[in-house]
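Below are the chains, spelled out letter by letter.
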Amino acid sequence: MKPEIYIKDLAKHTGQEVTLKGWLYNKRESGKVKFLILRDGTGYLQCIVFKGNVSPEVFEIAEKLHQEAAFEVTGLVKAEPRAVGGVELDATGVKLIGASEDYPITPKDHGVEFLIDNRHLWLRSKRQVAIMKIRHRIVKSIRDFFDEHGFTLFDPPIITPNASEGTSTLFQMEYFDLGKAYLTQSGQLYAEAGALALGKVYTFGPTFRAEKSKTRRHLTEFWMVEPEMAFYNLDDDMDLAEEFLEYIVKSVLKNNLAELEILERDITKLEKIERPFPRVSYDEAVQMLKDEGHEFKWGDDLGAADETIISSKYDKPVMVHRYPAEIKAFYMKRDPENEKLALAVDVLAPEGYGEIIGGSQREDDYDLLLSRIKEHKLPENFFSWYLDLRKYGSVPHSGFGLGLERTITWICGIDHLRETIPFPRMIYRNTP
RNA sequence: UCCGCGAUAGCUCAAUGGUAGAGCAUUCGGCUGUUAACCGAAGGGUUGCAAGUUCGAGUCUUGCUCGCGGAGCCA
């Protein structure tokens, strides 16, 4: 039987007798009174069990509840300033639903390795529940944003015959009699086909990178959202990116203050995320680094330390644009004002969270794209369909990719993105 | 792949080369307002693995395994 009422709605039922179902988050007891902290996924509620108010059998059941035992509790809802949340339940009945013996995660400190080993249980903790709720909100706001802006969801394939950019190491598999196939690292090339069919599309799904990255900013399986728009140039692309990020942050601020508080997030930092965002060209960024006294050679990619220096100058995301074409992907269009530059943009999150968006205007000229494919020694036969997009009604078009987990990490203000996805996949871990 | 750090009770951590300890969790007892409750007691150990130095190794040396952080790569 499903619960009739959840903790989040309890304040409306003050003075009424209700029955709730959930799990024991923690328990404190003092002789003849027990404080059971019930969690039900929507909130936390202190339930008081006085020995004098309940039958000996009920008191005995409460006595034997261990951490994370599932139970049902009936009682009177009371306003109570001494309770966290302002409401508590004066229990008259307690029923055990599922016992829990020797729950491994105690209310004391644990190490990361232990918690990750127990990820399936760690997800029940207050902090993880808060992060998952914010993840949900961000995903919803992403879908709402594109829906409200005339985009069509366009699902790219997960299994692809080749590397879309030809650089990253991909997860490989045998695909029946057709030889090797790979898990996608980006849906972008397919999204371009979608944009030329539907005008404005976005893809949203898991992507896979077999890079041996061992940092707090990397997962081997992560979620990416990639809008792609026909007739958008790089400036239009950046306009969209900043409006998009502002929308997401505002949505979390509007709906998830309780969760941000659990995470002890400094929300004044998030309240500053309003358009316009600073736009810095690669040339200007290089100059900034030199002004700071850092050695930097024009033509090199910005490293993590360089990004931190640049983003720390602002309290908003920074859009760094027009990178040297040599360090960027083959499909990016060159800047007509300087052939050495690609019409690319990276968005760096504030507070040192690093790159959360990478985007560009795409090369729309058939001959130039073909020569780039040849320069990069990519297998032409795999790209014939992609070249077709430049053969039949080619138009200027742009798009970007936003890393979902990195965005959640930044908005939540946490220090490792492994907590932002229910079951993280990392180089040395694929369980639980 | 490279650089750095680490591995002691179920968990988090202590222990000058000289008897392996605390808190939490568990079990038992006490407490009618606790907020990671508190107080008392008990059980709980092949100190990651292998070798070496030493009268004596958790501690020093070497190798290995596993993990963590960072770099590169990227979102």
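Residues numbered from 1 in each chain as written. Chains lettered and ligands numbered in written order. Predicted model: local features only at pLDDT ≥ 70, side-chain atom pairs only at ≥ 80, totals over all residues. Heavy atoms only, no water.

Undergrad: I keep staring at the overall build of chain A and nothing clicks. Help me out?
TA: What chain A contains, in helices and strands, is 13 helices and 17 strands. Overall size of chain A, expressed as C-alpha extent along the three principal axes, is 85 × 55 × 40 Å. For chain A, the proportion of its 432 residues judged to be buried stands at 49%. If you take every contact in chain A between residues at least 6 apart in sequence, the share linking residues at least 24 apart comes to 66%. As presented, chain A carries roughly 21,000 Å² of accessible surface, and 51% of it is formed by carbon and sulfur atoms. (Helix = DSSP H or I, 4+ residues; strand = E, 2+ residues; numbered from the N terminus. Buried < 20%, exposed > 50% of the residue type's maximum accessible area, 1.4 Å probe, protein only. Contact = heavy atoms within 4.5 Å. Areas by Shrake-Rupley, 256 points an atom, 1.4 Å probe, with all protein chains shown as cover.)

Undergrad: I keep staring at the packing of aromatic side chains and nothing clicks. Help me out?
TA: Summed over all chains, the structure comprises 19 aromatic pairs. For the ring pair Tyr-190 and Trp-385, a centre distance of 4.8 Å and an interplane angle of 15 degrees mean the geometry is stacked. Of the two residues, Tyr-190 is situated in helix 5 (residues 188-198) and Trp-385 in helix 12 (residues 384-391); the sequence distance between them amounts to 195 residues. You can call Trp-385 partly exposed: its relative accessible area is 28%. (Phe/Tyr/Trp six-rings, centres within 6.5 Å; stacked < 30°, edge-to-face > 60°.)

Undergrad: Is there a simple way to explain the environment of Pro-104 in this structure?
TA: On the secondary structure map, Pro-104 appears in the loop between strand 5 (87-98) and helix 2 (112-117). C-alpha separation for the pair Pro-104 and Gln-67, spaced 37 residues apart in sequence, amounts to 9.3 Å. If sequence neighbours within four positions are ignored, Pro-104 has contacts with His-110, Phe-114, Asn-118 and Leu-121.

Undergrad: Can you help me understand the sheet that holds strand 3 (residues 44-50) in this one?
TA: Strand pairing in a sheet relies on backbone hydrogen bonds, with the paired strands running either antiparallel or parallel. Spatial strand order, 1-2-3-5-4: five strands in a closed barrel with mixed pairing. Taken pair by pair, the neighbouring strands of this sheet meet at an average axis angle of 55 degrees, ignoring direction. With three bridges joining them, strand 3 and strand 5 adopt parallel strand pairing. Bridge assignment links Ile-48 to a residue of strand 5, and that residue is Asp-90. (Pairing = 2+ DSSP bridges. Axes fitted to C-alpha atoms, helices over the stretch in contact; angles between N-to-C directions.)

Undergrad: I tried to follow the nonpolar core on my own but got confused; where do I start?
TA: Side chains of a nonpolar character, in soluble globular proteins, are inclined to be buried together. Counting 46 residues, the largest nonpolar core has Ile-138, Ile-142, Phe-146, Phe-244 and Trp-410 as the members making the most contacts within it. Elements that contribute at least two residues to this core include exactly helix 4 (126-148), strand 10 (200-208), strand 11 (221-230), helix 6 (234-255), strand 15 (338-349), strand 16 (354-361), strand 17 (397-403) and helix 13 (404-412). Considering each element in turn, this core owes the most residues, 10 residues, to helix 6. Beyond its immediate stretch of four places on either side in the chain, Trp-410 contacts Leu-245, Val-249, Arg-265, Ile-273, Pro-317, Ala-349, Pro-350, Glu-351, Tyr-353 and Ile-356. The next biggest cluster of nonpolar side chains, apart from the first, holds 30 residues, and it includes Val-318, Val-320, Tyr-323 and Leu-370. (Core = buried A, V, L, I, M, F, W, Y, C linked by side-chain atoms within 4.5 Å.)

Undergrad: Looking at this structure, I do not really get the side chain of Arg-137. What am I missing?
TA: Along the polypeptide, Arg-137 turns up in helix 4. Asp-144 is the oppositely charged side chain nearest to the buried, salt-bridge-free Arg-137, at an N-O distance of 6.0 Å. Reaching out from Arg-137, the side chain makes a polar contact with the side chain of Asn-256 at a distance of 3.3 Å. Leave out the neighbours within four places in its chain, and Arg-137 touches Ser-251, Val-252, Asn-255 and Asn-256. (Lys, Arg positive; Asp, Glu negative; His and termini not counted. Salt bridge = Lys/Arg side-chain N within 4 Å of Asp/Glu carboxyl O. Polar contact = N/O pair within 3.5 Å; in protein donor to acceptor, adjacent residues only side chain to side chain.)

Undergrad: Where do I start with the protein's contact with RNA strand B in this structure?
TA: Around RNA strand B sit 50 residues, and of these Arg-28, Pro-107, Arg-209, Arg-216 and Arg-406 come closest. His-416 is positioned with one of its side-chain polar atoms (N or O) 3.0 Å from a phosphate oxygen of RNA strand B. Within the contact set of RNA strand B, a phosphate oxygen lies 2.8 Å away from a side-chain nitrogen or oxygen of Arg-418. Counting residues per element, the ones that place at least two in the surface near RNA strand B are strand 1 (17-30), strand 2 (33-39), strand 3, helix 2, strand 11, strand 16 and strand 17. Here the surface near RNA strand B is composed, by residue class, of 14 nonpolar, 16 polar and 20 charged. (Near = heavy atom within 4 Å. Nonpolar A, V, L, I, M, F, W, Y, C, P; charged D, E, K, R; others polar.)

Undergrad: What exactly am I supposed to notice about the domain arrangement of chain A here?
TA: Buried accessible area, meaning the area lost when the parts come together, often serves as the stated size of an interface. In terms of domain boundaries, chain A breaks down into domain 1 (7-98) and domain 2 (120-420). Computed over C-alpha atoms, the centres of domain 1 and domain 2 are 46 Å apart. Taken over both partners, the interface formed by domain 1 and domain 2 buries close to 520 Å², and the fraction arising from carbon and sulfur atoms is 47%. Summed over the three residues of domain 1 that lose the most area to domain 2, namely Tyr-25, Arg-39 and Tyr-44, the buried surface amounts to 65% of that side. For the interface between domain 1 and domain 2, the tally reads one salt bridge. (Domains from an automatic or database assignment. Buried area = accessible area lost by both parts, 1.4 Å probe.)

Undergrad: Whenever I open this one, the pairing of strand 11 confuses me. Can you help?
TA: In regular strands, side chains alternate between the two faces of the sheet. A large share of strand 11 lies buried, amounting to eight of its 10 residues. One ladder, built from nine bridges, connects strand 10 with strand 11; its direction is antiparallel. Its bridge partner lying in strand 11, Thr-207 is registered against Phe-222. Bridge count between strand 11 and strand 17: five bridges; the pairing is antiparallel. Within strand 17, the position partnered with Met-229 by the bridge is Ser-398.

Undergrad: What is the right way to read the sheet that holds strand 8 (residues 172-174) from this model?
TA: Strands sit in the order 7-9-8 across an open sheet of three strands; the sheet is antiparallel. Pairing within the sheet leaves two strands with one partner each, and these edge strands are strand 7 (159-160) and strand 8. Sheet topology places strand 8 next to strand 9 (residues 180-183); three bridges connect them, and they run antiparallel. In the sheet register, Gln-172 faces strand 9, and the bridge partner there is Tyr-182.

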